[in-house]
Amino acid sequence: MARACILVLPIRVVAIGVAAIGLFASCDARPRQPNVLLILADDLGWNDVGYHGSEIRTPHLDALATEGVRLESFYVQPYCSATRAALLTGRYPMRMGLQKGLIRPWEKDGLPLEERTLAEALKGAGYATAVLGKWHLGAAREAYLPLWRGFDHHYGHYNGAIDYFTHELYGGLDWHRNGIAVDEEGYATDLLADEAVRWIRRVDPGRPFFLYLAFNAPHSPLQAPDVQRDRYPEIDDPRRRTYAAMVSALDDGVGRIVAALEEDGRLDDTIVVFASDNGGHPKAEGDNTPLRGQKGNAYEGGIRVPAFVSWRGRLPAGRVTNVPIHVVDLYPTLLRLAGVSTEQTLPVDGRDMWPALAGPGDDPLDRSELLLDISLGRGAIRDGEWKLLVLNRDTPSEVSELYRLSNDPIESRNLAGQRPDVVERLR
């Protein structure tokens, strides 16, 4: 029986070819500009990757992290749509009305159309562009959809929390290829990884690519193939066992993609960036140990996530940096590496993080603070070693919490009463 689609739009897929005549010509047909593989997990906790000591085995992510630079103070937003907006624009989401966190299927807004996306900027420089997986930046209007935001190709879902096997949300199908709803069999994580391999192999090897792979794993609902769950007989809790299986499926997919790049001789020309869109949620089996907090709040467990950048032969293997870096910093960094200007009408909040990646020191980026959260009734900011959270903001019950992260990364000692000068400055 046919299933209803959540979104029905009169979408015409228009293939727009971008000529690259002479731009990337070389004797070995390798692009002068680096390929970019940007992988975003969904609700992955700090302690849900092997290289952080998790019981969940992630050998492919661990290998990439070991070959590259681990970002141990990498910040995102408390919720998914806000992080995705920041990632694709290099601008804080509160600038565009998306600090609320997520765009729900029935809402009429989306990433504002005046924003320049990373895909648009790279496409203008000759890149082939694709987004696979979760979009979550608006679907109420055709103009909000990926093919109208700089991506040549899209495959996956527009919203979040879909069923991994039926690809349904609220009883309707939310699975699309280039604007057309498609009813396919298969586990979503596996389908996305397979599509990534196919797309990479279709791209002209003489042309650089930007692939934004936004897995929905391990976001709820907790669903995994039996073959993945069987890997973890030692985990007694069936929910945590399923969650571990979901992370392993994501890791397997990353392994297949990296293997394809290696086989095609493209891995050395590819920057691989990995992060989660926010911290894990304990009710969905995410584990942020030892950090305090969870998805939805601005404690470290909600906004400081596993992340790394790997570029074989260009970045020092095994490097770990504790420089505070924000997801907005990816935008100017990747554009600079691609030779694309960041000059634009709307101001860019991100900073080029290449010095923190390439080393040798842990010099801070060229800014004085990181704006971590401003939303209804609360805010959070980090300046050097200090972090201020304001709860119940602008009400009689307003509370300030001040932490010195350099010696208290788990936010256990509120120093607001002892350092009112710092509270006032950051407030």
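No experiment lies behind these values; they were computed from the predicted model shown.

## A look at the packing of aromatic side chains
This model, assessed by the stated rule, comprises 11 aromatic pairs. A ring pair is formed by W135 and F151, whose centres lie 6.0 Å apart and whose planes are at 90°; its orientation type is edge-to-face. Highlighted residues: W135 in the loop between β4 (128-134) and β5 (153-157) and F151 in the loop between β4 and β5, separated in sequence by 16 residues. Geometrically, the ring pair formed by Y164 and Y187 is stacked, given 5.4 Å between the ring centres and 25° between the ring planes. Highlighted residues: Y164 in the loop between β5 and β6 (168-169) and Y187 in the loop between β9 (180-181) and α4 (188-202), separated in sequence by 23 residues. For Y164, a relative accessible area of 0% gives the class buried. Clustering of aromatic rings is evident, with ring pairs tying together W135, F151, F210 and Y212. When the ring centre of Y299 is taken as origin, the NZ or CZ atom of R292, which lies over that ring, is 4.0 Å away. Positioned above the aromatic ring of W46 is the side chain of R304, whose terminal nitrogen or guanidinium carbon lies 5.0 Å from the ring centre.

## Remarks on the environment of W311
Residue position: W311 is located in the loop between β12 (307-310) and β13 (319-321). A relative accessible area of 5% means that W311 is categorised as buried. In contact with W311, not counting residues within four places along its chain, are P34, D268, D269, T270, I271, L337 and W354.

## Things to note about the sheet that holds strand β10 (residues 209-214)
Ordered in space as β9-β8-β5-β4-β10-β1-β11-β12-β2-β13, the 10 strands form an open sheet in which the pairing is mixed. Strand pairing shows two members of the sheet lacking a second neighbour, β9 and β13, which therefore form its edges. For strand β2 (residues 69-71) and β13, the ladder comprises 3 bridges, and the chain directions are parallel. From the neighbouring strand, V69 faces β13, where its bridge partner is R319.

## A closer look at helix α8 (residues 330-337)
With 7 of its 8 residues buried, α8 lies for the most part within the structure. What α8 keeps buried is the set L330, Y331, P332, T333, L334, L335 and L337. Two residues or fewer after α8 comes G339, characterised by a positive phi angle close to 75°.

Rules used throughout
Residues numbered from 1 in each chain as written. Predicted model: local features only at pLDDT ≥ 70, side-chain atom pairs only at ≥ 80, totals over all residues. Heavy atoms only, no water. Phe/Tyr/Trp six-rings, centres within 6.5 Å; stacked < 30°, edge-to-face > 60°. Helix = DSSP H or I, 4+ residues; strand = E, 2+ residues; numbered from the N terminus. Buried < 20%, exposed > 50% of the residue type's maximum accessible area, 1.4 Å probe, protein only. Lys NZ or Arg CZ within 6 Å of the ring centre and 35° of its normal. Contact = heavy atoms within 4.5 Å. Pairing = 2+ DSSP bridges.

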